[in-house]
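The residues making up each chain are set out below.
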Amino acid sequence: MASTAATRAAAGAAKVVKPIFSRDLDEAKRRVRELYRAWYREVPNTVAMYQLDITTRQGRDKVRELFTKNKHVTDPRVIDMLVIKGKMELQETIHVWKQKTHIMRFFAESEEPRPTDFLSKFYKGHDP
Amino acid sequence: MAARVLMQCVRSVARPSLRLCSVNLTVRTAAVSNTVSHRSLCFSGDSRRTRWLEQSRVSAANIDVSCRLYGDLPPLTFDTIRDRVLYVLKLYDKINPEKLQASSHFMKDLGLDSLDQVEIIMAMEDEFGFEIPDAEAEKLMTPEEIVQYIADKKDVYE
């Protein structure tokens, strides 16, 4: 407890921390770009290998969405950690250690529009 | 070597035409006795073929053997590189083709993201067939810079 407080104070005072991979923000962004390139090139192979029901464009949009979700991060170590996790996902996807369900977990379940006319509601059943 | 290849091509072209000629001959000489017509057919066929071969040999020898026909792409010039780069950029759906010019900045003029710029550089890699490392790719922000970079890498002078 006291030791963690001391390290936190030391880190706050010095503002120099041990980096994971990259020393500054530019290097971290370069790693992000490399990862994006690898994922971009991997998406069509993934769609073919796992016989997914999505188009390549939808897959690439999903990759873009996941990258922009973490766009606001500025700490190089956090960026490095996210890049490491992305690389792990990429390795599992390339080597087919995953299955179709693991990849489709990235996509939200598609909702069917609720029926409006009488006959569609009748076919769907009573579901109040 | 090119002469030999050309001769073979000419021979393969000449063969079907020879077949046509022999068919006509058989139709015309059907009335004549078999042996005589057969022998005359063979003789005429052979003479025709030898005449074809001689002609082809002569024509092949006339062809300039010094032009070597390797399989390679046409040489690049600044204009062709620029046309190809702008064509690929026009195909990209996030770019408005009317607003695109050779000097339009991706981020400032066309409002693209850094990831969009990565996608554009990847499309250029696919188009021109060589890898562009990320350290140099992050600096290419206008189509003109891309053209200059490709010209540097491919040794295109003017």
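Note that the structure is a prediction, hence the values are computed from the model and not measured. (Residues numbered from 1 in each chain as written. Chains lettered and ligands numbered in written order. Predicted model: local features only at pLDDT ≥ 70, side-chain atom pairs only at ≥ 80, totals over all residues. Heavy atoms only, no water.)

For chain A, the helix and strand inventory stands at 6 helices and 0 strands. Tracing chain A from N to C terminus, the helices and strands come up as α-α-α-α-α-α. Split into buried and exposed, the 128 residues of chain A put 23% on the buried side. In chain A, of all internal contacts separated by at least 6 residues, the share reaching a separation of at least 24 is 72%. Taken as a whole, chain A presents about 9900 Å² of accessible surface, with 56% of it coming from carbon and sulfur. (Helix = DSSP H or I, 4+ residues; strand = E, 2+ residues; numbered from the N terminus. Buried < 20%, exposed > 50% of the residue type's maximum accessible area, 1.4 Å probe, protein only. Contact = heavy atoms within 4.5 Å. Areas by Shrake-Rupley, 256 points an atom, 1.4 Å probe, with all protein chains shown as cover.)

Time to look at the nonpolar core. Soluble globular proteins tend to pack their nonpolar side chains together in the buried interior. Counting residues in hydrophobic clusters, the biggest one holds 26 residues, and the most contacted among them are Ile81(B), Val85(B), Leu89(B), Ile95(B), Ile120(B), Met124(B) and Ile146(B). Mapped onto this core, the elements with two or more residues apiece are helix 3 (78-91), helix 4 (114-128) and helix 6 (143-154) of chain B. The element that contributes the greatest number of residues to this core is helix 3 of chain B, accounting for 6 residues. The residues contacting Leu89(B), other than those within four sequence positions of it, are Ile95(B), Leu100(B), Phe106(B), Ile120(B), Met124(B) and Pro143(B). Ranked by size, the runner-up nonpolar core spans 20 residues in total, among them Val73(A), Leu90(A), Ile103(A) and Met122(B). (Core = buried A, V, L, I, M, F, W, Y, C linked by side-chain atoms within 4.5 Å.)

All right, on to the side chain of Arg33(A) then. Topologically, Arg33(A) is positioned in helix 2 (residues 25-49). Ignoring sequence-local partners within four residues, the contact set of Arg33(A) consists of Val118(B), Asp134(B) and Glu138(B).

A separate point is the interface of chain B and chain A. Taken together, the 18 residues of chain B in the interface contact 12 residues of chain A. Here chain B meets chain A over a buried area of about 1400 Å², counting both sides, of which 46% is carbon and sulfur. Sorting the residues of chain B by area buried against chain A places Leu115(B), Met122(B) and Asp134(B) first, and these three jointly supply 42% of that buried surface. The interface formed by chain B and chain A contains 11 salt bridges. Joining chain B to chain A, the criterion identifies 12 residue pairs in polar contact (both at pLDDT 80 or more). Where the side of chain B that touches chain A is concerned, the elements lending two or more residues are helix 4 and helix 5 (134-137) of chain B. It is helix 4 of chain B that contributes the most residues to the side of chain B that touches chain A, 8 residues altogether. Residue composition of the side of chain B that touches chain A, by class: 8 nonpolar, no polar and 10 charged. (Buried area = accessible area lost by both parts, 1.4 Å probe. Salt bridge = Lys/Arg side-chain N within 4 Å of Asp/Glu carboxyl O. Polar contact = N/O pair within 3.5 Å; in protein donor to acceptor, adjacent residues only side chain to side chain. Nonpolar A, V, L, I, M, F, W, Y, C, P; charged D, E, K, R; others polar.)

Quick look at unusual backbone geometry now. All names here are of chain A. A positive phi angle is found at Gln51, which is not glycine, with a value near 55°. In this fold, Gln51 is placed in the loop between helix 2 and helix 3 (56-69). Gln51 sits in the exposed class, given a relative accessible area of 60%.

What follows is about the confidence of the model for chain A. Summarising the model, chain A shows a mean pLDDT of 87, and 88% of its residues fall at 70 or more. The lowest-confidence element of chain A is helix 1 (residues 2-14) of chain A, averaging 54 in pLDDT; the highest-confidence one is helix 4 (residues 76-94) of chain A, averaging 96. (pLDDT = per-residue confidence, 0-100.)

Let us look at the packing of helix 4 of chain B against helix 6 of chain B. Packed helix pairs are characterised by how far apart their axes lie and by the angle those axes make with each other. Residue and element names in this part refer to chain B. Packing of helix 4 against helix 6 leaves a shortest axis separation of 12 Å and a crossing angle of 40°. Classified by the angle their axes make, helix 4 and helix 6 are oblique. Like other packed secondary-structure pairs, helix 4 and helix 6 cross with a definite hand, here right-handed. Residues Ile120, Ile121, Met124 and Phe128 of helix 4 touch helix 6, and the partners they reach there are Ile146, Ile150 and Lys154. A class-by-class count of the residues in the contact of helix 4 with helix 6 yields 6 nonpolar, no polar and 1 charged. (Axes fitted to C-alpha atoms, helices over the stretch in contact; angles between N-to-C directions. Parallel < 35°, antiparallel > 145°, perpendicular 65-115°, else oblique. Left-handed = near helix turned anticlockwise from the far one by under 90°.)

Here helix 2 of chain A spans 35 Å end to end across 25 residues, near enough to the 36 Å set by a 1.5 Å rise per residue. When helix 2 of chain A is considered as a whole, its buried residues turn out to be Ala28(A), Arg33(A), Leu35(A), Tyr36(A), Arg37(A), Trp39(A), Tyr40(A), Glu42(A), Val43(A), Thr46(A) and Val47(A). Where helix 2 of chain A is buried, its residues meet helix 3, helix 4 and helix 5 (100-104) of chain A together with helix 4 and helix 5 of chain B. Looking one or two residues past helix 2 of chain A, Gln51(A) carries a phi angle of roughly 55°, positive in sign. (Expected span 1.5 Å × (residues − 1).)

Before going further, it helps to examine the pattern of salt bridges. Under the criterion given, the structure shown has 19 salt bridges over all chains. Measuring nitrogen to oxygen at the nearest pair gives 2.1 Å for the salt bridge that ties Arg33(A) to Glu138(B). A residue pair is termed interchain when its members come from two chains, as with Arg33(A) in helix 2 and Glu138(B) in the loop between helix 5 and helix 6. Under the relative-accessibility criterion, Glu138(B) is labelled partly exposed at 23%. Among the salt bridges present, the one from Glu127(B) reaches Arg84(B), with a minimum N-O distance of 2.7 Å. Of this pair, Glu127(B) sits in helix 4 while Arg84(B) sits in helix 3, and the two are 43 residues apart along the sequence. With relative accessibility at 30%, the residue Glu127(B) sits in the partly exposed group. What you see here is one network of salt bridges that share partners, running through Arg30(A), Arg33(A), Arg37(A), Arg41(A), Glu125(B), Asp126(B), Asp134(B) and Glu138(B).

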